Amino acid sequence: MNKPSETHLLAERIQKNSAAEVYTDIGSRGRYATDASIYQTIPIAVCVPSCANDITVALQVARELQVPILPRGGGTSQCGQTTGPALVIDNSKHFRNLISVDAQEKVAEVEPGMVLDHLNAALKKHQLWFPVDVSTSGQATIGGMAGNNSCGSRSIAYGNMVHNVAGIDAWLASGELASFGLMENAQGEALRLGQLVQQLAQKYQTEIDTNWPKVLRRVAGYNLDIFHNQNEKPYRPDGKVNLAHLLVGSEGSLAYFKSLKLQLSPLPQHKTLGVINFVSFHAAMDSAQHIAKLGPTAIELVDRTMLDLGRQNPEFRTVIETALIDKNAATPEAILLVEFSGDNHHALIQKLKDLVTLMADLGLPNSVVEMTQAQMQKNLWEVRKAGLNIMMSLKGDGKPVSFIEDCAVPLEHLAEYTSALTDVFSKYGTRGTWYAHASVGTLHVRPILDMRRDGAQKMRAIAEEAAALVRKYKGAFSGEHGDGISRGEWIKWQFGNHLNQAFGEIKHAFDPQNQLNPGKIVNPPKMDDYSLMRFHPSYKVNPLQTSLDWSSWNVQNDPVTEAVSPAGTGMDPAQGFSKAVEMCNNNGHCRKFDAGTMCPSYRVTRDEQHLTRGRANTLRLALSNQLEGQALVSKTVKDAMDLCVGCKGCKRECPTGVDMAKMKIEFLSHYQKEHGLSLRDRLFAYLPQYAHYVTKIPGLPSLLNLRNRIPLLAFLGEWLLGISAKRSLPKWQKKTIWNHSRFRFGLDDWLAESFVGQQLVVLFADTFNGQFESENLEAAAEVLQAAGYWVYIPRKPEGHYCCGKTLLSNGLVDEAKVQAKELLDHLSIYAERGTPIIGLEPACILSLRDEYLMMGLGEQAEMVAKNSFTFEEFLMKEAAIQPNYSQLAHPNNLKFKTTQQEILVHGHCHQKAFEVVQPILEVLKLIPGANPKLIESSCCGMAGSFGYEAEHEKISMQMAEISLLPSIRNAPQAIIVADGSSCRHQIHDGLGRQALHIAKVLKMHLKE
Ligand SMILES: Cc1cc2nc3c(=O)[nH]c(=O)nc-3n(C[C@H](O)[C@H](O)[C@H](O)COP(=O)(O)OP(=O)(O)OC[C@H]3O[C@@H](n4cnc5c(N)ncnc54)[C@H](O)[C@@H]3O)c2cc1C
Ligand code: SF4
Ligand code: SF4
């Protein structure tokens, strides 16, 4: 069924009989070829059903055409469970509803595509939660969690997925719908299959008793022991058999879940957290067994490497430091997060005291940071949850590889096991970073291996030695992340021939044609089969002359020391660009909907294509020639990049640092060279160049402004140029900051006036404020002047200095470099004297600290970057300095009128990416009575020219409607502060409200 004609027949028949989206193009299939594992297989086709009926149709057509089926949730599996030559069916876009909640019975029923965090948010009002708190809680779907028998940090208290699933309705391979629940109530096919498995369980009772791992964390194989529990925790407290438990952990290979009934737990009212700092890793491992006796709900490990890597990431640094006894001392070798939870706060505080005493008794006094504050605990848990991703941020071809990362051993052997495995790693010239569930003996560890070279051989050798250790300590080889490809072949090793045969018989009974996710659990391939891998020795990258400088990604690392080689030495034919793209390990963290920014386009479309991961995968496939002859400049890549608004959300929030905004510039630079630019793109890109001439021609600004007043002109603009008629355009001003402002006196005048006691600042006038809202720059200059600064606004006799951002956004990197060079030549005169360079437009001033450093502009760019600030960032920085004589320029000199008005702040995405949102709030607080509040919003959706483009206007507005516009609607009297020109415009177009730059708000409140 791999012939194109048959694939098209499959798609045609599903589409004809259902409302499902079906994709057969190589780009879409390529994006579904990987999960968070090392594997990759291009699927036959991809189906995105809108409802249950669509799935029924897809299953039926696939059955008739003998096409294998692969159900998929978030695709965050680590062992290759969701890769295969099949029709991949993605439940996560539409098939994700909460069907019912019975708060009395503490039961909820959900569709399989529902994400755990979304379920728990809906349950909160009932004071309930679903307690299988996997680290990927923001992405993992309930169907995928059940498919993998997932386990959370608190499994010591709540068990694994299998202990919390009460029933599953599922389509069988025959297409029949069957209800799996208590065996005593079973009927029809569910009963027949249950009885068959029961007979197998009886037949193999002796092997089950002797070969079955007895630890809590065992997720391998099928749950044949439901008839005679081997786990230290019973499947159900009442010991009854529930046939749904047979399906949990079956990795899509027995049945397709239609809905799942979940057992809920009361939300604990209080939690306390003790963070133990260890100077020796062995001591941490050895302590776990003693700490477990205090009855914690979690004991989680984070080791030194991860602490150090985390401290390099601006998002995690401050949080990690709250967990350290002394942040200025050497990083501890390990920390253990020990959580106690329950309804009696005093009892939990006492538990914390008991922990402190225990550690002192174990010879480690003063080693516990006691955290009782909920927010601090939550922040630290978020970092722990990001643990794996932090680890994956290592640059170079050697990556921490997942294949023995969740072996589980009894607690009393944990210290010995970890030391022995560490020795195995060093024998193979590598080392591992350890973290996770010390409470249940499952420690995640990934040795660093280079799969493009000798990684596969080493992987097998290490797996064999690790397996021997697991056997020695009577543990389980697969303790959390499932079997998939990396551990499938170890099932036989773990359970023996007879039980492996029994698993085969179960599979045959459920799926006689071997159509459901074949090769998973039964008849698995070899874990080191190169043909199934994402990176392998024959993986090749096409040579590429890049426009931006990606050399800092073009490195290799030392697997033992993790030291990276100098920039540019990584032997990447694409000069580091492909290595930057390959940093995406498919963990799916960008599928998020929480307070962050990443990824606004996915938040609206929920399409894999419009996700940072989807884009990175598309680029990777294009760069490595895997898109069936389509190159980087193909439509496939263009479509994937189309809705990337360059918000830089991923730059900050992607745990491995995938910076798609820059990748889009790189891509566009090649695309436009091949395909050219449209007239509209040229109008946007070269606006800074021609703006000056528009103002010079008498009457032209007024004429152009007619477009906003005469609908016919707007329609013509859309028809001829593709600029949305629904949008108002920025209003041309005759009096611009350059042709009217008095703040034109620069360094020479300042020196000549002998005002050297008065601090000189450069106020960089960007095109948008300078040309269309010059009053913002005037306001900023007046505020700075009122504080005592000498303000200089750069200008040229013809035109003005521009940062080149509009050129960069259209991929015109060479032209942007010319602009940038000119600007740097001018600004560096000031920067080299330490004169601050202040900008109002976040996208422009922050590009001096971002894109400029990747344009090969040398030391001048570095120097200017160090001296560039957003307006409010500068004021906040200055406010922190104690004034030491009265005439010194200082924000303290500003005298403001009191305000009682509500103030809401929308941070520009680039302000968020550079962590300079807080200064807006701090500086607004200089106004007496002001209590500014931050709107929790992703991107406003306008994103430069994006929202003006006719084809993007709708999605741009949808982005704004996610949270920004509703928050403003709810505050009709509030002053809205938005520093980005496009954000202000979006708010105006969406609500008819006028948002203000902070400079204007400060000016409005200045006392005369
Ligand atoms: C950074 C990171 C951290 C992780 N942390 C944890 C952790 O703390 N604990 C843990 O247990 N795991 C963890 N994982 C692994 C993974 O996130 C979990 O197993 C998660 O539950 C998978 O959910 P998903 O929606 O992505 O499922 P997918 O990967 O899409 O699917 C998982 C399996 O379920 C099957 N499946 C999906 N839907 C259905 C359906 N409707 N019917 C039948 N079968 C179906 C699939 O075929 C597949 O075999 C982590 C992964 C990463 C990348
Ligand atoms: S882009 Fe980043 S967040 Fe998204 S899957 Fe890749 S590595 Fe994870
Ligand atoms: S830059 Fe923004 S829109 Fe583009 S991929 Fe990153 S988060 Fe998504």
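Our subject is the structure listed above.
This write-up is about the structure you can find in this document. Computed from a prediction, not measured in an experiment: that's the story for all the values here.

The next point concerns the overall build of the chain. If you tally the helices and strands in the chain, you get 44 helices and 25 strands. Against the globule reference of 30 Å for 1008 residues, the chain gives a C-alpha radius of gyration of 30 Å, in line with a compact fold. Of all 1008 residues assigned to the chain, the portion counted as buried reaches 63%. Of the roughly 37,000 Å² of accessible surface on the chain, 52% is carried by carbon and sulfur atoms. A gap of 3 Å separates the mean positions of the 102 positive and 105 negative side-chain charges of the chain.

This part is about the pattern of salt bridges. Between side chains of opposite charge, pairing is possible as soon as their charged atoms come close. In the structure shown here, the tally under the stated rule is 60 salt bridges. As a salt-bridge pair, aspartate 238 and arginine 236 come within 2.6 Å of each other at their nearest N and O atoms. Salt bridges linked by common partners bring Lys648, Lys651, Asp659, Lys662, Lys805, Asp850 and Glu851 together as one network.

This part covers the site of ligand 1. Taken together, 37 residues form the shell around ligand 1, and within it Pro71, Thr76, Ser77, Thr141 and Cys151 come nearest. Within the backbone of glycine 74, an N or O atom sits 2.8 Å from an oxygen atom of ligand 1. Between ligand 1 and serine 77 there is a distance of 2.6 Å, counted from an oxygen atom to a side-chain nitrogen or oxygen. Compared with its free state, where it exposes 980 Å², ligand 1 has 99% of that area covered by protein.

Judged by nonpolar contacts, the single largest core of 134 residues is most densely connected at Leu336, Ile404, Leu421, Met459 and Phe577. Of all the elements, helix H17 (residues 455-472) adds the most residues to this core, at 9 residues. In this structure, leucine 421 is in contact with Ile404, Trp434, Val445, Ala466 and Leu469, ignoring residues within four places of it in sequence.

Turning our eyes to something else, we now look at the pairing of strand E23 (residues 903-906). Covered by surrounding structure in E23 are Ile903 and Val905 together with Leu904 and His906, the residues of both alternating faces. With 4 bridges joining them, E23 and strand E25 (residues 975-978) adopt parallel strand pairing. In the sheet register, leucine 904 faces E25, and the bridge partner there is isoleucine 976. Pairing of E23 with strand E24 (residues 933-934), which is carried by 2 bridges, proceeds in the parallel orientation. Pairing of leucine 904 across the sheet is with lysine 933, part of E24.

As a further point, take the sheet that holds strand E19 (residues 760-764). Strand order in the open sheet made by the 4 strands is E20-E19-E21-E22, with parallel pairing throughout. Strand pairing shows two members of the sheet lacking a second neighbour, strand E20 (790-792) and strand E22 (868-870), which therefore form its edges. Ignoring which end each strand starts from, the neighbouring axes of this sheet average 35° apart. As judged from the 3 bridges shared by E19 and strand E21 (residues 837-839), these two strands associate in the parallel manner. Residue pairing for E21: leucine 763 is matched across the bridge by isoleucine 838.

This part is about the packing of aromatic side chains. The description of an aromatic ring pair uses the distance of the two centres, along with the angle that the planes make with each other. Going through the model one piece at a time under the given rule, you end up with 24 aromatic pairs. Ring geometry for tryptophan 171 and tyrosine 256: centres 5.7 Å apart, planes at 70°, overall edge-to-face. Here tyrosine 256 lies in strand E10 (residues 256-263) and tryptophan 171 lies in strand E8 (residues 165-171), a separation of 85 residues in the sequence. In this structure tyrosine 256 comes out as buried when scored by relative accessible area, which is 2%. Centre to centre, the rings of phenylalanine 281 and tryptophan 434 are 5.8 Å apart; their planes meet at 40°, and the pair counts as tilted. With a gap of 153 residues between them, phenylalanine 281 in helix H10 (residues 281-292) and tryptophan 434 in strand E17 (residues 432-437) connect regions that are remote in the sequence. We note that phenylalanine 281, like tryptophan 434, is buried. Among the aromatic residues, those joined into a ring-pair cluster are Trp212, Tyr222, Phe495 and Phe503.

Ordered in space as E15-E12-E14-E13-E17-E18-E16, the 7 strands form an open sheet in which the pairing is antiparallel. For this open sheet the edge positions go to strand E15 (368-371) and strand E16 (399-400), each flanked by a neighbour on one side alone. The pairing of strand E12 (residues 270-278) with strand E14 (residues 334-342) spans 9 bridges and is antiparallel. Residue histidine 270 lies in a different strand from E14, and its bridge partner there is glycine 342. With respect to the sheet, helix H14 (residues 374-385) is in contact with E12, strand E13 (298-303), E14, E15 and E17, its orientation differing from that of E12 by roughly 55°.

Along a regular strand, successive side chains alternate from one face of the sheet to the other. The buried fraction of E12 is high, at 7 of 9 residues. Taken together, the 4 bridges between E12 and E15 define a ladder with antiparallel strand orientation. What sits directly across from leucine 273, in E15, is methionine 371.

Moving on, we come to the environment of alanine 779. Looking at the secondary structure, you find alanine 779 in helix H33 (residues 774-786). In this structure the C-alpha to C-alpha distance between alanine 779 and methionine 1004, which are 225 residues apart in sequence, comes to 8.5 Å. Not counting residues up to four positions away in its chain, the partners in contact with alanine 779 are Ala999, Lys1000 and Lys1003.

Before going further, it helps to spend a moment on the packing of H33 against helix H44 (residues 998-1005). Running from N to C, H33 and H44 point in directions that differ by 55°, and their axes come no closer than 8 Å. When the axes of H33 and H44 are compared, the pair comes out oblique. Of the two possible hands of crossing, H33 and H44 adopt the one that is left-handed. Touching Glu775, Asn776, Ala779, Ala780, Glu782 and Val783 of H33 are Ala999, Lys1000, Leu1002 and Lys1003, all from H44. Here the residues of the contact of H33 with H44 sort into 5 nonpolar, 1 polar and 4 charged.

Calculation notes
Residues numbered from 1 in each chain as written. Chains lettered and ligands numbered in written order. Predicted model: local features only at pLDDT ≥ 70, side-chain atom pairs only at ≥ 80, totals over all residues. Heavy atoms only, no water. Helix = DSSP H or I, 4+ residues; strand = E, 2+ residues; numbered from the N terminus. Rg over C-alpha atoms; globule rule 2.2 N^0.38 Å. Buried < 20%, exposed > 50% of the residue type's maximum accessible area, 1.4 Å probe, protein only. Areas by Shrake-Rupley, 256 points an atom, 1.4 Å probe, with all protein chains shown as cover. Lys, Arg positive; Asp, Glu negative; His and termini not counted. Charge placed at Lys NZ, Arg CZ, Asp CG, Glu CD. Salt bridge = Lys/Arg side-chain N within 4 Å of Asp/Glu carboxyl O. Near = heavy atom within 4 Å. Polar contact = N/O pair within 3.5 Å; in protein donor to acceptor, adjacent residues only side chain to side chain. Core = buried A, V, L, I, M, F, W, Y, C linked by side-chain atoms within 4.5 Å. Contact = heavy atoms within 4.5 Å. Pairing = 2+ DSSP bridges. Axes fitted to C-alpha atoms, helices over the stretch in contact; angles between N-to-C directions. Phe/Tyr/Trp six-rings, centres within 6.5 Å; stacked < 30°, edge-to-face > 60°. Parallel < 35°, antiparallel > 145°, perpendicular 65-115°, else oblique. Left-handed = near helix turned anticlockwise from the far one by under 90°. Nonpolar A, V, L, I, M, F, W, Y, C, P; charged D, E, K, R; others polar.

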